[in-house]
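So you can see what is in the structure, the chains are spelled out below.
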Amino acid sequence: MDKININNLKIFAHHGVLAEEKRNGQYFFVSATLFVDTYKAGINDDLALTVNYDEVSHLINNIMTNNTYDLIETAANVIAASILKAYELVNEVLITIKKPSAPIALDFEDVSVCVHKKYHTAYVALGSNLGDSKKYLDNAVLVIKDNEFIRKVCVSSYIKTAPYGYTDQPDFLNACMVFETIYTPLELLDFLQSLENAANRVRHIHWGPRTLDLDILFYDDIAMYTERLKIPHPEIQKRDFVLKPLMELNPYFIHPVLGKSINTLLEELK
């Protein structure tokens, strides 16, 4: 990926934990590295095919001057997320904020914070077998598509499947979706669980009936296993109602732990 660098924008702003920092203000120096594919712009000599660094510079300046934060960590995160949301061509961004007048009673050049944000590819399973299942899935898809931290959403067909695990319950309507997101895995989990809670999801029975079930299947090619979240989802290879919708989205996606494609996992399950 190519890079566009904006180095040391000098911005007077009012950020800091101390009251006098907010009151008096000070100079900050902000640098941004934008990861962009510049091939088409370079071949066609067309500004519309790249990112206008003047616009980005003013976006950074507006965020720094129109807000007051205790921490430059907060300012850097807001700037990084704002650039990713505003410019579809930017897939990744590195923001550095230098604070040369930080309240340190020693000789120093500056204090700086560097924040790195990018879009990640997430695969999510959807399921419902209570109430109007199609409406629950449709509403979840709409809210996910409308989320400012998510883009490029693609949804599989809905399929009706028999219950898995606890079988004394109605059939399910299942689907999968893939999208790009700025969320970390746990942030994405929080967001998806908020949608389940909004649909009055209850968890009385393991694998039991539910109005809405949203499971993170894959997140890039990472493997993480915590008490709260396991990625890849440990049941993927056992569930045809997950593998079949995934086949529509990306049959050649490689399971990062098993080292096998979705197509191979489905054939082995059959």
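Rules used in this analysis
Position labels on residues start from 1 in each chain and follow its written sequence. The predicted origin of the model limits local features to residues at a pLDDT of at least 70 and limits the giving and counting of side-chain atom pairs to 80 or more, whereas totals for whole chains, interfaces and linings rest on all residues. Water and hydrogen atoms play no part in the side-chain values, which are based on all heavy atoms of the structure. Three labels apply to residues, based on accessible area from a 1.4 Å probe with only protein chains included: buried if under 20% of the type maximum, exposed if over 50%, partly exposed otherwise in between. Numbering goes from the N terminus for both helices and strands, where a helix is a DSSP run of H or I of at least four residues and a strand is a run of E of at least two. A pair of strands is considered paired only if DSSP assigns at least 2 bridges between the two. For the purposes of this section, nonpolar cores are sets of buried Ala, Val, Leu, Ile, Met, Phe, Trp, Tyr and Cys residues that join through side-chain atoms within 4.5 Å. Contact criterion: two residues are considered in contact whenever any of their non-hydrogen atoms come within 4.5 Å of each other. Each patch is assembled from residues with relative accessible area greater than 30% and no salt bridge, linking like charges that lie within 9 Å and nonpolar side chains (Val, Leu, Ile, Met, Phe, Trp, Tyr) that lie within 5 Å. Note on areas: these come from Shrake-Rupley sampling with a 1.4 Å probe, and a residue is covered only by the protein chains present in the view. One side-chain nitrogen of Lys or Arg within 4 Å of one carboxyl oxygen of Asp or Glu is enough to make a salt bridge.

With respect to the pairing of strand 2 (residues 26–36)
Phase 1: For strand 2, a buried count of 9 out of 11 residues is recorded, marking the element as mostly surrounded by other parts of the structure.
Phase 2: When strand 2 meets strand 3 (residues 92–99), the two strands line up antiparallel, connected through 7 bridges. The residue bridging A32 from the neighbouring strand is I95, located in strand 3.

Description of the nonpolar core
Phase 1: Of all hydrophobic cores here, the largest spans 31 residues; its most connected members are L34, M64, I83, I95 and I97.
Phase 2: Broken down by secondary-structure element, the contributors of at least two residues to this core are strand 1 (2–13), strand 2, helix 3 (53–66), helix 4 (72–86), strand 3 and strand 4 (111–118).
Phase 3: With 7 residues, the top contributor of residues to this core is helix 4.
Phase 4: Excluding residues that lie within four positions of it along the chain, M64 makes contacts with I11, A13, H15, F28, V30, A75, I79 and I97.
Phase 5: One finds L126, I150, A175 and Y183 within the second-largest nonpolar core, a separate group that totals 26 residues.

Examining a nonpolar patch on the surface
Phase 1: Among the surface-exposed residues, V17, L18 and L71 lie close enough to one another that they form a single nonpolar patch of about 250 Å² accessible area.
Phase 2: Of note, L71 is situated in the loop between helix 3 and helix 4.
Phase 3: Given the relative accessible area of 40%, L71 is considered partly exposed.

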